[in-house]
Amino acid sequence: MHRMNYLLLTCLLLVTSVSNAAEWGDLTATFVYDGKAPAAVKAKVDKDVAFCGTFNVVDESLVVNQKNGGVANILSYIYVSRSGKKPAVHPDYAKTASSDVKVDNGKCRFEPHVTVLRTSQTLLVTNSDTVGHNTNITTLSNPGQNILVPADGELKLKFPAEERVPVSVACNIHPWMKGWVVMKEHPYVATTDKDGTLSIKNIPVGTWTFQFWHERPGYVTDVTIGGKKASWRRGRVELTIKAGKNDLGDIKLAPSVFVEK
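These lines cover the structure that appears in this document, whether it is placed above or below. (Residues numbered from 1 in each chain as written. Predicted model: local features only at pLDDT ≥ 70, side-chain atom pairs only at ≥ 80, totals over all residues. Heavy atoms only, no water.)

**Here's the deal with the pairing of strand E6 (residues 122-127)**
The condition is simple: Categorising residues by exposure relies on relative accessible area from a 1.4 Å probe, with only protein chains included: less than 20% of the type maximum marks a residue as buried, more than 50% marks it as exposed, and the intermediate range marks it as partly exposed. Only DSSP runs of H or I covering at least 4 residues are called helices, and only runs of E covering at least 2 are called strands; the numbering of each starts at the N terminus. Only when DSSP finds a minimum of two bridges between them are two strands counted as paired.
The buried fraction of E6 is high, at six of six residues. The alternating pattern of E6 places Thr122, Leu124 and Thr126 on one face and Leu123, Val125 and Asn127 on the opposite face, and all of these are buried. Sheet topology note: the strand E3 (residues 100-106)/E6 ladder contains six bridges and is parallel. Bridging across to E6, Asp104 finds its partner in Thr126. With five bridges joining them, E6 and strand E9 (residues 154-158) adopt antiparallel strand pairing.

Right, dumping it as structure tokens:
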């Protein structure tokens, strides 16, 4: 009798475990500049002016939507310490696990400005311009890359190791061209779009530490959420993800956050 009860309990625990593992939630948030949106600042275009000067190239270290105050290019991802628990990966992500992820030298800028790359994926560096570009990727855990990409050229790069922080991308020929690549083992990474909104889909339910980062301040630490000020130490905050939608709403950032130190 006791053996039967034990078997029933074991089966129940297994079913419960599988059920919990099969639950997933989406995280959304919108980051808003808490003040008058600053106007875009034109970049100093002093190389290949006949070509690059025909584009409205601006400083992209801070991009704020003039209509809704949304801040673009804020990064968020599940933070996993070296000995920490890694998140289960939703089956949908398997479809793109070995895909190419493109960063283009286009119109004398990097598109996208912040590129998200899994260590199992390949970085496809292209040049859709009619002038040559240099793509200098400064890494810490992977071999660095400093390569010439000719007009209409492309090349593929592998970065098998995770980088703990975003790594910079620069063009040594055109010094205003700057960008970032985020290299993670897991797929739970996103950046805010032009409206300041980010979305990370199919996160396993449970409590996870999320990292928030922007190139101006580095870690995003001082925020106002739900009308209350909060301090995220080193840009990290624990969030409990429930099945379905998890919307943090508007997260306001004071102008002082983006003042370069």
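Back to the write-up after that little detour.
**Remarks on the sheet that holds strand E8 (residues 145-149)**
This is how it is decided: All axes here are fitted lines through C-alpha atoms, helices being fitted over the stretch that makes contact, and every angle between N-to-C directions spans 0 to 180 degrees.
Strand order in the open sheet formed by five strands is E5-E11-E10-E7-E8, with mixed pairing between adjacent strands. Strand pairing shows two members of the sheet lacking a second neighbour, strand E5 (114-118) and E8, which therefore form its edges. Going from strand to strand, the sheet's axes swing by 20 degrees on average, the running direction of each strand aside. Looking at chain direction, strand E7 (residues 133-138) and E8 are connected through five bridges and run antiparallel. The residue bridging Thr135 from the neighbouring strand is Ile147, located in E8.

**Digging into the state of the cysteines**
Operational definition: Throughout, disulfides are identified as pairs of cysteine sulfur atoms within 2.5 Å of each other.
Under the defined criterion, the tally for this structure stands at one disulfide. The disulfide that involves Cys52 links it to Cys108, with 2.0 Å between the sulfurs. A torsion of -70 degrees about the S-S bond marks the disulfide between Cys52 and Cys108 as left-handed. Of this pair, Cys52 sits in helix H2 (residues 49-52) while Cys108 is found in the loop between E3 and strand E4 (109-111), placing the two residues 56 residues apart along the sequence. Relative accessible area serves as the criterion here: at 0%, Cys52 is assigned to the buried category.

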